[in-house]
Amino acid sequence: MQVLVRPEQSASLETRQSTNLSKPGTDVWQRLQAGLEQWFQATAAFLNCLASGRRIPTEIERLLSPHQQQQLHEWRRRYCLHSHRPVTWAWPAAVDVQLHVDGSLQIMDCDFSVPSGLDRLCSSGIHSASETRALILNQLFGCGQNPWSGRRAVLLDPDSTGTSRRSNEFLSWLLDVPLVTATELAIDRNELLLQTGRSHQPVDVIIRRVDDDLLDPNCGRPDSLTGVPGIVRHWQEGKVSILNPPGTGLLRHRSMLSLIPECIRIFHAQQPLLDLVPTLSLERAEVRAGVFRDADHYAIRPDDPLHPARPWFGGSTDSGSLDVLRQRVEMSPARWVARPLQLENSGRTSLRLFGTLQHSFRLLPAALMRPCEPDGGAATLINSDTRMAVVWQESGL
């Protein structure tokens, strides 16, 4: 099985050609398929446990910090289901994996909430628009496997601009659903309605591109102008499907992601096939003291990958910058994590992969490939990274 690397934009081809990136071979794809299936299944089991109100297993509960306990308590207050029913938690989700030159893999970040970058899999001059659409739909979602099965679906856009808008327009085209904003949706007489001209049409499924906190001003931030009032309660009562469901942003937090290996052991009685990159929450004072004492050997990042703060890399800035960072961390220590810096290695590669878990797990046989930062993470948000290449398995064509 060969690997094809496709340039996404000719303007950045020279940059990518000059970058020595490790490319996944057959064995790597096989391990990604098996390992990420574990992660998706364990994530769904954990979220089902939370949403159903069941007690968290003791082996997982003992790993929780005070801040994590508070997060889970707040999660249940907001998102517990009012009726027991199956929930599709990942349709789709994105995972960032670090590939080393020796073929070893480490999971860096996951986004089961509002994953980005799927639109960047489109390569210019390789497929027609219809071929590209069919390829992604069949490989990632399966022919006829969309979760709404003929019901009316819309894609909820936060009235975005720039790269985010283009990404959401791509998803609207890919899934063949209309792109709408919150001003076009309303719950009236216990029914979610889409206003189209002078008429109102019922909506059964929302594919949302709005973060958890902004999705419903009655549930998250009351000042949200991009959410639909009452939509979370409507979902809790089973009157509308939301993809991906409210609350999936919980596992975007790096400290919370550290629970998933134990979830694999407890919920599925298996050992994780993929390692998670070592991640230290800075919530505890003794951990913070150790990290800042040995700061040259760590990268310090926000716990939430979408936080706008830039990561700090040990040995790359002056002591004054470190003092400023320490002050910021001390204000909200649970919002920061540290990761050990890795040995210099120009061949390390960051892979953004996409998978779904509905009736079964499906991994798209393609990845967005870009250079790693010193701690193994990526430098910039996927939609603005100009050093990126697209790599496909030949069998995925």
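Refer to the structure presented above.
These notes cover the structure that comes with them. (Residues numbered from 1 in each chain as written. Predicted model: local features only at pLDDT ≥ 70, side-chain atom pairs only at ≥ 80, totals over all residues. Heavy atoms only, no water.)

**A short note on the overall build of the chain**
Cut-off, in case you're wondering: Working definition: helices are DSSP H or I runs of at least four residues, strands are E runs of at least two. Numbering for both runs from the N terminus. Contacts are assigned to residue pairs with any non-hydrogen atoms lying within 4.5 Å of each other. For the area figures, the Shrake-Rupley method with a 1.4 Å probe applies, and any residue is considered shielded solely by the protein chains shown.
Looking only at helices and strands, one finds 12 helices and 19 strands in the chain. Within the chain, residue pairs in contact and separated by at least 24 positions form 72% of the contacts whose partners lie at least 6 positions apart. Counting only carbon and sulfur atoms, one obtains 48% of the accessible surface of the chain, whose full area is about 18000 Å².

**Side note on the packing of aromatic side chains**
Aromatic ring pairs are reported here in terms of the distance separating the ring centres and the angle at which the planes meet. Going by this rule: Centres within 6.5 Å make a pair out of two Phe, Tyr or Trp rings, where for Trp the six-membered ring is used; the pair is then stacked when the planes are under 30 degrees apart, edge-to-face when over 60, and tilted otherwise. Between buried and exposed lies partly exposed: a residue is buried under 20% and exposed over 50% of the maximum accessible area for its type, with that area taken using a 1.4 Å probe on protein chains only. Distance and angle both matter: a charge sits over a ring if NZ of Lys or CZ of Arg is within 6 Å of the ring centre and within 35 degrees of the ring normal.
With the rule as written, the count across this model stands at 8 aromatic pairs. Here F40 and F112 contribute two aromatic rings whose centre-to-centre distance is 5.0 Å and whose plane-to-plane angle is 55°, an arrangement assigned as tilted. You can see F40 sitting in helix α2 (residues 26-52) and its partner F112 sitting in the loop between β3 (105-111) and α5 (129-141), a full 72 residues away along the chain. Relative accessible area serves as the criterion here: at 2%, F40 is assigned to the buried category. Grouping aromatic residues by their ring pairs yields a cluster made of W75, Y79, W89 and W235. Across the ring face of W235, the terminal group of R85 is positioned such that the distance to the ring centre comes to 5.6 Å.

**Description of the sheet that holds strand β5 (residues 179-180)**
Which entries qualify depends on this criterion: When DSSP finds two or more bridges between a pair of strands, those strands are recorded as paired.
Read from one edge of the open sheet, 4 strands run β5-β4-β9-β10, paired in parallel fashion. The strands lining the two open edges of the sheet, one partner per strand, are β5 and β10 (241-243). Judged from the 3 bridges that link them, strand β9 (residues 205-208) and β10 form a sheet pairing that is parallel. Bridge pairing in β10 links I206 to I242.

Nothing here speaks to function; it is geometry throughout.
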